[in-house]
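These are the residues of each chain, in order.
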Amino acid sequence: MTIALTPVINSPPKPTSFKLPDLVSHCKFALSYNVNGDEVAQQSVDWLDTNCPDLNPKQRLALRGLQAGELTAYCYHSASAERLRVVSDFMNYLFHLDNISDGMMTRETNVLADSVMNALWFSDEYVPTKAAGRKEELNPGKLARDFWARCIPGCGPGAQARFKETMSLFFTCVNIEARARDEGIIPDLETYIDIRRDTSGCKPCWALIEYAQDIDLPDFVVDHPVIHALGQGANDLVTWSNDIFSYNVEQSRGDTHNMIIILMHHNAMTLQEAVDYVGELCAQTIDTFCRNKQNLPSWNPEVDDMVARYVQGLQDWIVGSLHWSFQTRRYFGEQGMEVKKHRVVKLLPLRV
């Protein structure tokens, strides 16, 4: 009697590591650091630490290891100490918002958004609203009111409007992301990119380039296609490279809102294929940014000077964020400089 044997199909072993694309070498922009960077970074992290009484010891340690103030010093290296401090406070605060909104349900993100936007629209005093459902201001609202009150005197009306508008978009898209998380939906790549351009928090940071540089771009400049393309290009580079750098930590906690995870899920890519694909997109984005810089229109000497300083700020964000990603402990712990050198990342186990 002949017995038919079922062939054994060996599935490929699960990866234990992956290699980062060499985006640091691909980016040729000069890296600079604000002369007041270290001092301001210390003041800023102390500000958030002191004003967040509910943080536990582990969260406070993570706050110090984040080095958001150092990121600010790279990206706003020509700002005065006073303005650098305001931007640095916002940067620490933005990461804080990202941390507390992760895992929030849709209703909770609505309450958080109402509290923060309340502080931006009514900077003099807290105005309770129905959406908040409370008479006492939440701590995130108090923090926003603090840094925004210091920002307003030196921030032009156009930049102020852009900051508030983009913060509103940030919360709208955080809410959409929370709803998808509630429903267990992994979005397709196009949908994800569209939402991620606002949840990244980059757009408010672009408005703060104007504040840091003491400029206020006219609307006709902001609305110009080349200026828009430069801003979006910088946003995409910062955001997509961040998805590469943060992937290991995010996969270990089961987070699915990441370009690499989406490509693996929807496009049947291996981990390394997905990383390489996003890395190539990042490299192309840097190249496109450089080409768009060559196509900048000219208005008049005063406007052209403002535009040059704004575009420099976007460029500083591209190079500054790439280098900082290996300095902060947020993505690679204590191994950041080693990872930067060899570009090999060992996968963390899935946390239960």
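Residues numbered from 1 in each chain as written. Predicted model: local features only at pLDDT ≥ 70, side-chain atom pairs only at ≥ 80, totals over all residues. Heavy atoms only, no water.

Regarding the overall build of the protein chain
Next, step 1: Scanning the protein chain from N- to C-terminus turns up 17 helices and two strands.
Next, step 2: Projected onto the principal axes, the alpha-carbon positions of the protein chain cover approximately 90 × 50 × 35 Å.
Next, step 3: Relative to its 352 residues, the protein chain shows a buried fraction of 52%.
Next, step 4: A separation of at least 24 residues holds for 78% of the contacts in the protein chain among residues at least 6 apart in sequence.
Next, step 5: Of the roughly 17,400 Å² of accessible surface on the protein chain, 54% is carried by carbon and sulfur atoms. (Helix = DSSP H or I, 4+ residues; strand = E, 2+ residues; numbered from the N terminus. Buried < 20%, exposed > 50% of the residue type's maximum accessible area, 1.4 Å probe, protein only. Contact = heavy atoms within 4.5 Å. Areas by Shrake-Rupley, 256 points an atom, 1.4 Å probe, with all protein chains shown as cover.)

Considering helix 3 (residues 57-66)
Next, step 1: All buried positions along helix 3 are accounted for by L63, G65 and L66.
Next, step 2: Lining the buried residues of helix 3 we find helix 2 (37-50), helix 4 (68-75), helix 5 (81-101), helix 15 (301-327) and helix 16 (329-332).
Next, step 3: Two or three places before K58, at the start of helix 3, stands the capping residue N56, its side-chain oxygen 3.1 Å from that residue's backbone nitrogen.
Next, step 4: Backbone geometry just after helix 3 places Q67 at a positive phi near 60°. (Polar contact = N/O pair within 3.5 Å; in protein donor to acceptor, adjacent residues only side chain to side chain.)

Some words on the pattern of salt bridges
Next, step 1: This structure, assessed with the given rule, holds 19 salt bridges.
Next, step 2: As a salt-bridge pair, R60 and D49 come within 2.3 Å of each other at their nearest N and O atoms. Taken as a pair, R60 in helix 3 and D49 in helix 2 lie far apart in primary sequence, eleven residues in all.
Next, step 3: R329 is paired through a salt bridge with E334; the nearest N and O atoms lie 3.1 Å apart.
Next, step 4: Assessed through its relative accessible area of 41%, R329 is described here as partly exposed.
Next, step 5: For E334, a relative accessible area of 64% corresponds to the exposed category. (Salt bridge = Lys/Arg side-chain N within 4 Å of Asp/Glu carboxyl O.)

So, the confidence of the model for the protein chain
Next, step 1: Mean pLDDT over the protein chain: 92, with 93% of residues reaching 70 or higher.
Next, step 2: For residues 1-9, every residue scores under 50 in pLDDT, and the model assigns this stretch zero contacts once sequence neighbours within four places are set aside. (pLDDT = per-residue confidence, 0-100.)

Let's talk about the packing of aromatic side chains
Next, step 1: Applying the stated rule across the entire model yields 18 aromatic pairs.
Next, step 2: Here F147 and F163 contribute two aromatic rings whose centre-to-centre distance is 6.3 Å and whose plane-to-plane angle is 80°, an arrangement assigned as edge-to-face. Here F147, found in helix 7 (residues 139-151), pairs with F163, found in helix 8 (residues 157-182); they are 16 residues apart in sequence, far enough to count as distant.
Next, step 3: The exposure class of F147 is buried, given its relative accessible area of 2%. (Phe/Tyr/Trp six-rings, centres within 6.5 Å; stacked < 30°, edge-to-face > 60°.)

Observations concerning the layout of surface pockets
Over the atoms a probe the size of a water molecule is rolled, and this reveals where empty space is left.
Next, step 1: Space inside the second largest pocket adds up to approximately 550 Å³.
Next, step 2: At the level of secondary structure, the elements contributing two or more residues to the lining of the second largest pocket comprise helix 8, helix 10 (202-213), helix 11 (219-222) and helix 12 (225-252).
Next, step 3: Partitioning the lining of the second largest pocket into residue classes produces eight nonpolar, five polar and seven charged. (1 Å grid on protein atoms, 1.4 Å probe; cavity = no way out; pocket = protein on both sides within 12 Å on 5 of 7 lines; lining within 4 Å. Points joined across faces, edges and corners; volume = space filled by probe spheres on them. Nonpolar A, V, L, I, M, F, W, Y, C, P; charged D, E, K, R; others polar.)

Structural notes on the packing of helix 9 (residues 189-199) against helix 12
Helix-helix packing is described using two parameters, namely the angle between the two axes and the distance between the axes.
Next, step 1: Direction vectors running N to C along helix 9 and helix 12 enclose 105°, while the axes themselves pass 10 Å from each other. When the interaxial angle is binned, helix 9 and helix 12 end up roughly perpendicular. Along its contact with helix 9, which presents Y192, I193, R196 and R197, the element helix 12 presents Q232, N235, D236, T239, W240, N242 and D243.
Next, step 2: For the contact of helix 9 with helix 12, the residue count by class is three nonpolar, four polar and four charged. (Axes fitted to C-alpha atoms, helices over the stretch in contact; angles between N-to-C directions. Parallel < 35°, antiparallel > 145°, perpendicular 65-115°, else oblique.)

Quick look at the nonpolar core
Next, step 1: Counting residues in hydrophobic clusters, the biggest one holds 101 residues, and the most contacted among them are Y76, M167, W206 and W317.
Next, step 2: Here this core gets twelve residues from one element, more than from any other, and that element is helix 15.
Next, step 3: Apart from residues no more than four positions distant in its own chain, Y76 is found in contact with N34, L84, V87, M91, C205, L208, I209, A212 and W317. (Core = buried A, V, L, I, M, F, W, Y, C linked by side-chain atoms within 4.5 Å.)

Topic: the side chain of T239
Next, step 1: With respect to the helices and strands, T239 occurs in helix 12.
Next, step 2: A residue is classified by how much of its surface remains accessible, and T239, at 3% relative accessible area, is buried.
Next, step 3: If near-sequence neighbours (up to four positions away) are discounted, T239 is found in contact with R196, S200 and C202.

Some thoughts on unusual backbone geometry
Next, step 1: One non-glycine residue, Q67, lies in positive phi territory at about 60°.
Next, step 2: Even without being a glycine, D214 presents a positive backbone phi close to 60°.
Next, step 3: Along the chain, D214 falls in the loop between helix 10 and helix 11.
Next, step 4: What makes D214 exposed here is its relative accessible area of 53%.

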